[in-house]
Amino acid sequence: MAERILMKGNEAIAEAAIRAGCRHFFGYPITPQTEVSAYLAKRMPKVGGCFLQAESEVAAINMVLGAAAAGVRVMTSSSSPGISLKSEGISYIIGSDLPCVILNIQRGGPGLGGIQPSQADYNQATKAPGHGDAHVMVFAPSTVQEMVTCIFDMFDLSEQYRVPAMLLGDGLLGQMMEPVEFPDVKVTPAEKPWAANGHQNKREHNVVNSLYLQPDQLEAKNIERFERYAQIQANETRAEAFETEDCDVLVVAYGASSRIARSAVMNARAQGLKVGLLRPITLWPFPKKELLKASKTAKDILVVEMSMGQMVDDVKLALECKKPVHFFGHTGGIIPTPAEVLEQLKTIAGGAAK
Amino acid sequence: MASYNMVFAGFGGQGVLFTGKVVAYAGLIDGKEVSWLPSYGPEMRGGTANCSVCISDLPVGSPLVTEPDVLIAMNGPSYDKFIDAVKPGGVVIIDSSLVNPSKRREDVTLCEVPATALSNEEHLEGIANMILLGKLLESTGFASMETVEQSVQKCVPASKAHLLEHNLRAIRLGMEQ
């Protein structure tokens, strides 16, 4: 394997995209993800790729639509308010069955919000990335290394299912440096017989479109797409279980907040509390069966998020509200501390003991 | 080796982020788990800048250090901001040319190094941060000098390779303080 080097999350994502065969990037700068653009502005020309800073987020996402329609690996990047601007284009990309990778390095909201780390775009990413009956695959890595491995998988899966893939990170993961090594893999992009690209008049021309004025055609298109969604839900859920075998209290947390939760779980175990952690790596599809397995012995569930509580609803749905689901979080750019989570665990475990 | 949770703080331009990176890289070279997290935002323009560095045998949980066992403060506002957060028994290293510690704690080890004055005397202008890094190395032994030398080589860009020896001289000077 290659040498472990120290790299910022944003830069590691950018390098991973290039190594995954992405040669087209369209973006617009916004804190805290600007290093993605800055890195690719330098690197893309050196590998014969196209880096373009668009005039706005709306323009950038429509350039992604065009490049994806032509069948190339393409990525865009933004942070919360910029993703809202892109949501129309994201819906068009979904409606056109195009693969692409979208980064959301989240900051506090709503509105212009703040620039510090946040996880308050969970519902937007998993429930309504754009209008219509629409989903994107959502990946939530928790380390710089995992962001790199996710990027490779996201390009592949996005092409396999013809569904966009979103990396839901946050300012903490984007800004921090951690050791990282890049896998030495040969990338083979999928065949794209549907691509609207040049063919020297050797075939019928392809049309990429999301407009279906006949309701029956549009319904059929949606039903076919939901069959692919069902396959994704059956085959592509990912989660990591930590100390869950005998847990009385199960913590559920993803991304940056799972790192804090993991520290709290280790400290709680050291104090004799039977607690575990389930860390969803895919948020859509939500890892329901992994959650059911990890929570088998648990009497209580604690969801920790950097928001007012959004994934907590998916946890309740997955468990059909059969167990008490508690929530702890901070929002607006405040990062919870392991000590705060440990306090919650002690209170809940104390209650469970009674 | 023990785990370290460190905060490096000062004005933007003093090299606190760079110092933190050298320390994190040293940990990486020694085969440890490390993280480096900068403060980011409007405060970096001429205001205060800081970064959190964790070195550990285990995967790093929160990279944001809220209770440092090592604090390096290169200006007064940074000292005032972080001094109460330092863990009892921790090490606090200050540039005493710039920081006049208003508040003193009995339960931490305070190392006062006139780093800016020394850097001017020794023709090491602009790298008072490396003098403080030397003091950090001497007072905590978080890595070996050989490791730190390798780390500095990794962190100094090729275009500034001629400054490498300067940086190492500053670190050695700091170790003697």
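Everything discussed here concerns the structure shown above.
The structure reproduced in this document is the subject of the present report. All of these numbers come straight from a predicted model, not from anything done at the bench. (Residues numbered from 1 in each chain as written. Chains lettered and ligands numbered in written order. Predicted model: local features only at pLDDT ≥ 70, side-chain atom pairs only at ≥ 80, totals over all residues. Heavy atoms only, no water.)

Some remarks on the overall build of chain B
Each helix and strand counted, chain B has 6 helices and 6 strands in total. For chain B, the N- to C-terminal ordering of α and β elements is β-α-β-β-β-α-β-β-α-α-α-α. Relative to the globule expectation of 16 Å for 177 residues, the C-alpha radius of gyration of chain B, 15 Å, shows essentially globular dimensions. Here chain B holds 177 residues, and 54% of them are scored as buried. Restricting the contact set of chain B to residue pairs at least 6 apart, pairs at least 24 apart contribute 57%. If you sum the accessible surface of chain B, you get close to 7400 Å²; carbon and sulfur atoms cover 51% of it. With 13 positive and 20 negative side-chain charges, chain B shows a spacing of 5 Å between the two charge centroids. (Helix = DSSP H or I, 4+ residues; strand = E, 2+ residues; numbered from the N terminus. Rg over C-alpha atoms; globule rule 2.2 N^0.38 Å. Buried < 20%, exposed > 50% of the residue type's maximum accessible area, 1.4 Å probe, protein only. Contact = heavy atoms within 4.5 Å. Areas by Shrake-Rupley, 256 points an atom, 1.4 Å probe, with all protein chains shown as cover. Lys, Arg positive; Asp, Glu negative; His and termini not counted. Charge placed at Lys NZ, Arg CZ, Asp CG, Glu CD.)

Here we look at the overall build of chain A
Across its full length, chain A carries 12 helices and 14 strands. The C-alpha atoms of chain A give 21 Å as radius of gyration, which agrees with the globular expectation for 354 residues (20 Å, within 12%). Taking all 354 residues of chain A together, 56% fall into the buried category. Only carbon and sulfur atoms are counted for the fraction: they give 54% of the accessible area of chain A, which is about 14300 Å². Seen as two clouds, the 35 positive and the 38 negative side-chain charges of chain A have centres 3 Å apart.

Points about helix α2 (residues 34-46) of chain A
Residue and element names in this part refer to chain A. In a regular helix each residue adds 1.5 Å, so 13 residues correspond to 18 Å; α2 covers 19 Å between its end C-alpha atoms and thus fits that length. At L40, α2 shows its largest kink, close to 35 degrees. A positive backbone phi angle near 75 degrees is found at G48, which sits one or two residues after α2. (Expected span 1.5 Å × (residues − 1). Bend = angle between axes of the 7 residues up to and from the residue.)

A word on the interface of chain A and chain B
Facing 24 residues of chain A, the contacting portion of chain B comprises 22 residues. Summed over both sides, the interface between chain A and chain B buries roughly 1800 Å², with carbon and sulfur atoms accounting for 66% of that surface. It is R4(A), L6(A) and M177(A) that lose the most area in chain A upon contact with chain B, and together they represent 31% of the buried surface on that side. At the boundary of chain A with chain B, the tally comes to 2 salt bridges. Ionic pairing is found between E3(A) and K154(B), a salt bridge with its closest N-O pair at 2.5 Å. For the pair chain A and chain B, the interface holds 7 residue pairs in polar contact (both at pLDDT 80 or more). Of all the secondary structure elements, the ones that give two or more residues to the side of chain A that touches chain B are β1 (5-8), α7 (171-175), β8 (177-180) and α9 (255-270) of chain A. No other element matches the 4 residues that α9(A) contributes to the side of chain A that touches chain B. For the side of chain A that touches chain B, a count of residues per class yields 13 nonpolar, 6 polar and 5 charged. (Buried area = accessible area lost by both parts, 1.4 Å probe. Salt bridge = Lys/Arg side-chain N within 4 Å of Asp/Glu carboxyl O. Polar contact = N/O pair within 3.5 Å; in protein donor to acceptor, adjacent residues only side chain to side chain. Nonpolar A, V, L, I, M, F, W, Y, C, P; charged D, E, K, R; others polar.)

Thoughts on the sheet that holds strand β3 (residues 50-53) of chain A
All names here are of chain A. With mixed pairing, the 7 strands of this open sheet are ordered in space as β3-β2-β4-β5-β7-β6-β12. Since the sheet does not close on itself, it has two edges, and those belong to β3 and β12 (282-284), each with one partner. Shown here is a sheet whose adjacent strand axes are inclined to one another by a mean of 20 degrees, direction ignored. With 4 bridges joining them, strand β2 (residues 24-27) and β3 adopt parallel strand pairing. Bridged to F26 within β3 is L52. Strand contacts of helix α6 (residues 144-161): β4 (74-78), β5 (101-106), β6 (137-139) and β7 (165-170), with the helix running at about 155 degrees to β7, the strand carrying the most contacts. (Pairing = 2+ DSSP bridges. Axes fitted to C-alpha atoms, helices over the stretch in contact; angles between N-to-C directions.)

Observations concerning the sheet that holds strand β14 (residues 325-329) of chain A
Residue and element names in this part refer to chain A. Strand order in the open sheet made by the 5 strands is β9-β11-β10-β13-β14, with mixed pairing throughout. Two strands in the sheet have a free side with no partner beyond their single neighbour: β9 (239-242) and β14. Taking the axes of each pair of neighbouring strands and ignoring which way they run, one obtains an average angle of 20 degrees across the sheet. Sheet topology note: the strand β10 (residues 249-252)/strand β11 (residues 275-280) ladder contains 4 bridges and is parallel. Looking at the pairing, L250 lines up with G276 of β11. Sheet contacts for α9: β9, β10, β11 and β13 (300-305); angle to β11, the most-contacted strand, approximately 165 degrees. Packing of helix α11 (residues 311-318) onto the sheet brings it into contact with β10, β11, β13 and β14, and relative to β13 it is tilted by some 155 degrees.

Here we look at helix α6 (residues 164-175) of chain B
Residues and elements named next belong to chain B. For α6, with 12 residues, the first-to-last C-alpha span of 17 Å sits near the 16 Å given by 1.5 Å per residue. Listed as buried for α6 are L164, N167, L168, A170, I171, L173 and G174. Where α6 is buried, its residues meet α3 (115-121), α4 (128-140) and α5 (145-155).

Structural notes on the pattern of salt bridges
In this structure the tally under the stated criterion is 30 salt bridges over all chains. Each of D97(A), K221(A), E224(A), R225(A) and R228(A) takes part in a single network of salt bridges with overlapping partners.

Some remarks on unusual backbone geometry
Residue and element names in this part refer to chain A. In this model, T31 is joined to P32 through a cis peptide bond whose omega is 5 degrees. Within the secondary structure, P32 sits in the loop between β2 and α2. In this structure, the amide linkage connecting G109 to the following residue, P110, adopts the cis form with an omega of 0 degrees. When you line up the elements, P110 lands in the loop between β5 and α5 (122-127). In this structure, D97 is a non-glycine residue whose phi angle is positive, near 55 degrees. Along the chain, D97 turns up in the loop between α4 (80-95) and β5. The class for D97 is buried, based on a relative accessible area of 4%. Even without a glycine there, the phi angle at E243 is positive, about 55 degrees. Turning to its location among the elements, E243 is positioned in the loop between β9 and β10. You can call E243 partly exposed: its relative accessible area is 34%.

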